[in-house]
Amino acid sequence: MINKLPNQNILNDLEKLYKSNQFLKLEEKLNILIKEYKNSFLLYNILGVTLSRLNKFSKAKFCFEKTLEIKPNYIDGLKNLGNVNKDIGNFQIAISNFKNSLKIEPYNDDILNNLGLCYQKLNDYENAIKCFKKALELKPNHAGYLANLGLVLIENLKLTEGLDILEKAIDL
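These numbers come from a predicted model, not from an experiment.

A. Structural context of the overall build of the chain. When its secondary structure is counted, the chain shows 10 helices and 0 strands. Oriented by its inertia axes, the alpha-carbon framework of the chain measures out at about 60 × 30 × 25 Å. Going through the 172 residues of the chain one by one, you find that 44% of them count as buried. For the chain, restricting intrachain contacts to residue pairs at least 6 apart in sequence, the fraction spanning at least 24 positions comes to 44%. Here the chain has roughly 9600 Å² of accessible surface; of this, 53% comes from carbon and sulfur atoms. Here the chain contributes 24 positively and 20 negatively charged side chains, and the mean placements of these two sets differ by 7 Å.

Here it is as structure tokens:
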């Protein structure tokens, strides 16, 4: 059973637990399932997301790394690893994770936004602004992306431009 993948009924049960915010129960169930489905990149990824929701970031990071060990170019695993690295303050590593994600999905606005947030945390405003603008090219009226761009412009002392963009975000 090591290489067998979980069936749709199992995945549906996991989804119900996730959607009902029963993360501790979901963590317990996933740990049991992983013993049976040892090579399921999907179960490791779901466990990583669950652990992230429980603020167990080091365990989540391990799960995402295991996901990528099993399936190296799994986009959700790459994005999730980037997010957990961002959440724990490993911004340089997160940037690398997000750049690798963009090699697979170059037009993913969410990845671009997260990449921009990492650059912003490192005070690399030029790259942050580029990322937020690229994300906005893909989703022009996304209030969150506009707000991120406005705030980074203000941090970069481009006050008038930043305030104008923040007003646009508020109006959406």
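B. Quick peek at the nonpolar core. By size, the foremost hydrophobic cluster in this structure holds 25 residues, and its most contacted members are Phe98, Leu115, Cys118, Tyr119, Leu149 and Val152. For this core, the elements supplying multiple residues, two or more each, are helix H6 (91-104), helix H7 (109-121), helix H8 (125-138), helix H9 (143-155) and helix H10 (159-171). When residues in this core are grouped by element, the largest group, 7 residues, is from H8. Sequence-distant contacts of cysteine 118, defined by excluding residues within four places in its chain, comprise Lys86, Phe91, Ala94, Ile95 and Phe98. The next biggest cluster of nonpolar side chains, apart from the first, holds 22 residues, and it includes Leu30, Tyr37, Phe41 and Leu81.

C. Here's a closer look at the packing of helix H2 (residues 23-36) against helix H3 (residues 41-53). Orientation of H2 relative to H3, taken along the N-to-C sense of each, is 155°, at an axis distance of 10 Å. The pairing of H2 with H3 is recorded here as roughly antiparallel in orientation. Taken as a pair, H2 and H3 cross one another with a handedness that is left-handed. The residues of H3 that touch H2, namely those facing Phe23, Leu26, Glu27, Leu30, Asn31, Leu33 and Ile34, are Leu43, Tyr44, Ile46, Leu47, Thr50, Leu51 and Arg53. Looking at the contact of H2 with H3 residue by residue, the classes come out as 10 nonpolar, 2 polar and 2 charged.

D. Local environment of the environment of leucine 47. When you line up the elements, leucine 47 lands in helix H3. Exposure remark for leucine 47: the relative accessible area of 4% places this residue in the buried category. When near neighbours in sequence (up to four residues on either side) are disregarded, leucine 47 contacts Glu27, Leu30, Asn31, Ile34 and Cys63.

E. Inspection of helix H4 (residues 57-70) at higher detail. Along its 14 residues, H4 runs 20 Å from first to last C-alpha, staying within 8% of the 20 Å computed at 1.5 Å per residue. Looking only at H4, the buried set comprises Ala60, Lys61, Cys63, Phe64, Thr67 and Leu68. Mapping the buried residues of H4 onto a view down its axis gives an arc of 160°, with all of them on the same face. Set apart from the buried face of H4 by more than 90 degrees, the exposed residues are Ser58 and Glu69.

Thresholds, definitions, all that
Residues numbered from 1 in each chain as written. Predicted model: local features only at pLDDT ≥ 70, side-chain atom pairs only at ≥ 80, totals over all residues. Heavy atoms only, no water. Helix = DSSP H or I, 4+ residues; strand = E, 2+ residues; numbered from the N terminus. Buried < 20%, exposed > 50% of the residue type's maximum accessible area, 1.4 Å probe, protein only. Contact = heavy atoms within 4.5 Å. Areas by Shrake-Rupley, 256 points an atom, 1.4 Å probe, with all protein chains shown as cover. Lys, Arg positive; Asp, Glu negative; His and termini not counted. Charge placed at Lys NZ, Arg CZ, Asp CG, Glu CD. Core = buried A, V, L, I, M, F, W, Y, C linked by side-chain atoms within 4.5 Å. Axes fitted to C-alpha atoms, helices over the stretch in contact; angles between N-to-C directions. Parallel < 35°, antiparallel > 145°, perpendicular 65-115°, else oblique. Left-handed = near helix turned anticlockwise from the far one by under 90°. Nonpolar A, V, L, I, M, F, W, Y, C, P; charged D, E, K, R; others polar. Expected span 1.5 Å × (residues − 1). Arc of directions from axis to C-beta.

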